[in-house]
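# Secondary and tertiary structure notes
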Amino acid sequence: MASSASLQRFLPPYPHAAASRCRPPGVRARPVQSSTVSAPSSSTPAADEAVSAERLEPRVEQREGRYWVLKEKYRTGLNPQEKVKLGKEPMSLFMEGGIKELAKMPMEEIEADKLSKEDIDVRLKWLGLFHRRKHQYGRFMMRLKLPNGVTTSEQTRYLASVIEAYGKEGCADVTTRRQIRGVTLPDVPAILDGLNAVGLTSLQSGMDNVRNPVGNPLAGIDPDEIVDTRSYTNLLSSYITSNFQGNPTITNLPRKWNVCVIGSHDLYEHPHINDLAYMPAVKGGKFGFNLLVGGFISPKRWEEALPLDAWVPGDDIIPVCKAVLEAYRDLGTRGNRQKTRMMWLIDELGMEAFRSEVEKRMPNGVLERAAPEDLIDKKWQRRDYLGVHPQKQEGMSYVGLHVPVGRVQAADMFELARLADEYGSGELRLTVEQNIVIPNVKNEKVEALLSEPLLQKFSPQPSLLLKGLVACTGNQFCGQAIIETKQRALLVTSQVEKLVSVPRAVRMHWTGCPNSCGQVQVADIGFMGCLTKDSAGKIVEAADIFVGGRVGSDSHLAGAYKKSVPCDELAPIVADILVERFGAVRREREEDEE
């Protein structure tokens, strides 16, 4: 089992002044020594002779303030984001209190200065703050870290109070992390303090950082789980943010980086699209994890994670995570932004050479080869967590609620917190599919919970097509989105349900642009926003359709089915796909038979 003691060796040292701030309740941080990585020595045997020693020289170095920066010799051909990082260290806004001064500045003054304008549009993403310049000028989306998707009623009430103050401009979105919208810059320092007080952080949740560690949403309550992932994801999150103080050793990555710990046969965590996935496996009678690396989705390319041919004991999840991150930080390219995810580095070096670089960065310089088999049942049928299900704890059930396209208002959040307290243990779980699970409900309370008015809106038994519906933010708030997604997804689904009936749930994902935040490539049917001309020659919102994505042990990323379909013409095409590939029956036929 992972332990907090195993974490402390891998946190960077902090001055006493820094150690007292931004720490979650009950977590004690102590200064420890961090290790730095130098260029491999000539005596180190090359894992792949095709990779030159010069190419394996780290491209970054540590500077004053514990920040890592790109060496002068590698500063040609950089993408714009890398130039912004060189202009000013993004983490200084948090670690040196820069956010407090920025929050006092009027927007006119911010806009007039190049560095402060870059602060609000780019660097604040290191604090989880995304300026909605195009659609909500002066307002921000704040992304939070919620390891394993676990949150409490107290945290939910606090976030509800934040967005409630913004009226119609404020709302929240459910994902594996929670996102709140409508935040204004002058409020940010107080919001950050409030987050810290309830054990939350938004730190290092955007841009070139490690995203929220994902685990089994049913961890600890699932009768069929392989391992409870919560202790592992909590350790990963503590390492990533250095107990909410900021971890500058891993804040200057070439690009974003995703990590998950697999806890069940269902693979709810989607390991095949994570940069690092821990797959439970036993070796030599000891529990640990085989490792997958390099999975990602981007506008130009999407790839499934590949085996690193490595196994680590359960207590070593932090050192291997650190080693992989440092190899990526040190060696990753920083030119074309579309070619800077970790898989591009793996492609360039070759898997064995990349593995060798990870091994060099392990504390003892050794990385065990993979266990022959992991513990995942390859024939397992992925279970539905929506509805009422028995827990491993006798007399308890968990209740999965469907949140239509993940959007919640302040009133919804206050009510969810009340339900979690009144019927459960004050805990809520957020899922990859934008839904919510209330755990630890005593069986005698289930019927009363199901009768609560909120469950008419957040149904435990949605229709088969609504059940797997996912949508990104869309152009209501996101400046990069080409089309509106959330309401469009609900509308098209409603139209399709009038045309056909389906025998099983079909996962339909919507994303507003090629960045694919909605992960259309893992969906049964995916929709990627674009623009096209309709039959009258008018420019209209449209979507590229993807078909065939699968999650689970037989994971497979979807391929393009049809390009540039006007959104108003999607429903009959989707109905045809459902009939041809998913066993749907046309409703006209049903009526004729009756």
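To be clear, the structure that these remarks concern was listed above.
The structure displayed is predicted, hence computed values, not measured ones. (Residues numbered from 1 in each chain as written. Predicted model: local features only at pLDDT ≥ 70, side-chain atom pairs only at ≥ 80, totals over all residues. Heavy atoms only, no water.)

### Side note on the overall build of the protein
A tally of regular secondary structure across the protein gives 20 helices and 25 strands. With 594 residues in all, the protein has 60% of them scored as buried. A separation of at least 24 residues holds for 69% of the contacts in the protein among residues at least 6 apart in sequence. Total accessible area on the protein stands at roughly 23300 Å², and carbon and sulfur atoms take up 50% of it. (Helix = DSSP H or I, 4+ residues; strand = E, 2+ residues; numbered from the N terminus. Buried < 20%, exposed > 50% of the residue type's maximum accessible area, 1.4 Å probe, protein only. Contact = heavy atoms within 4.5 Å. Areas by Shrake-Rupley, 256 points an atom, 1.4 Å probe, with all protein chains shown as cover.)

### Concerning the pattern of salt bridges
Applying the stated criterion across every chain, the model contains 50 salt bridges. Linking Arg329 and Asp330 is a salt bridge whose minimum nitrogen-to-oxygen distance equals 2.9 Å. By relative accessible area, Arg329 is classed as buried at 1%. A salt bridge links Asp412 to Lys457, with the shortest nitrogen-to-oxygen separation between them at 2.9 Å. (Salt bridge = Lys/Arg side-chain N within 4 Å of Asp/Glu carboxyl O.)

### Examining the side chain of Glu89
Here Glu89 is to be found in the loop between helix H3 (80–87) and helix H4 (92–95). Buried charge without a salt bridge: Glu89, with Arg123 as the nearest opposite-charge side chain at an N-O distance of 8.2 Å. Of the polar contacts made by the side chain of Glu89, one reaches the backbone nitrogen of Met91; its length is 3.0 Å. Contacts of Glu89, omitting those with residues within four sequence positions, involve Tyr67 and Thr251. (Lys, Arg positive; Asp, Glu negative; His and termini not counted. Polar contact = N/O pair within 3.5 Å; in protein donor to acceptor, adjacent residues only side chain to side chain.)

### Structural notes on the sheet that holds strand S24 (residues 559–566)
Spatially, S19-S21-S22-S23-S24 is the arrangement adopted by the five strands of the open sheet, whose pairing is mixed. For this open sheet the edge positions go to strand S19 (469–471) and S24, each flanked by a neighbour on one side alone. Each strand axis lies, on average, 25° off the axis of its neighbour in the sheet, ignoring direction. Sheet topology places strand S23 (residues 539–547) next to S24; five bridges connect them, and they run antiparallel. Following the sheet pairing, Phe546 is matched in S24 by Ala560. (Pairing = 2+ DSSP bridges. Axes fitted to C-alpha atoms, helices over the stretch in contact; angles between N-to-C directions.)

### Structural notes on the packing of aromatic side chains
Enumeration according to the criterion identifies six aromatic pairs in this entry. Geometrically, the ring pair formed by Trp302 and Phe546 is edge-to-face, given 5.8 Å between the ring centres and 70° between the ring planes. With a gap of 244 residues between them, Trp302 in strand S12 (residues 302–303) and Phe546 in strand S23 connect regions that are remote in the sequence. Of the residues examined, Phe546 reaches a relative accessible area of 2% and is grouped as buried. Where Trp510 meets Phe527, the ring centres are 4.4 Å apart and the plane angle is 25°; that geometry is what we call stacked. Of the two residues, Trp510 is situated in strand S21 (residues 508–511) and Phe527 in strand S22 (residues 525–533); the sequence distance between them amounts to 17 residues. (Phe/Tyr/Trp six-rings, centres within 6.5 Å; stacked < 30°, edge-to-face > 60°.)

### Some points on the packing of helix H11 (residues 317–331) against helix H13 (residues 351–360)
The contact between H11 and H13 brings their axes to 8 Å, and the two run at 115°. Taken as axis vectors, H11 and H13 run roughly perpendicular relative to one another. In this structure, H11 meets H13 at a crossing whose hand is right-handed. Contacts between H11 and H13 involve Ala323, Val324, Ala327 and Leu331 from the first element and Phe354, Glu357 and Val358 from the second. Tallied by class, residues from the contact of H11 with H13 come to six nonpolar, no polar and one charged. (Parallel < 35°, antiparallel > 145°, perpendicular 65-115°, else oblique. Left-handed = near helix turned anticlockwise from the far one by under 90°. Nonpolar A, V, L, I, M, F, W, Y, C, P; charged D, E, K, R; others polar.)

### A closer look at helix H9 (residues 188–197)
Of all 10 residues in H9, seven are buried, a share of seventy percent or more. Along H9, the residues classified as buried are Val188, Pro189, Ile191, Leu192, Gly194, Leu195 and Asn196. Elements that come into contact with the buried residues of H9 comprise helix H5 (98–103), strand S3 (129–131), strand S4 (139–143), helix H8 (153–164) and strand S7 (178–184). The first or second residue beyond H9 is Gly199, which carries a positive phi of 80°.

### Brief notes about the pairing of strand S14 (residues 387–390)
As paired elements, S14 and strand S15 (residues 396–401) share four bridges and run antiparallel to each other. Counted as the bridge partner of His389 is Tyr398 from S15. Linkage of S14 to S15, two consecutive antiparallel strands, is achieved through a turn of five residues, within which Gly395 is found at a positive phi near 80°.

### Section: unusual backbone geometry
In this structure, Leu267 is a non-glycine residue whose phi angle is positive, near 55°. In this fold, Leu267 is placed in the loop between strand S8 (259–261) and strand S9 (276–283). Phi is positive for Ser564, close to 50°, though the residue is something other than glycine. As for its position among the elements, Ser564 is in strand S24.

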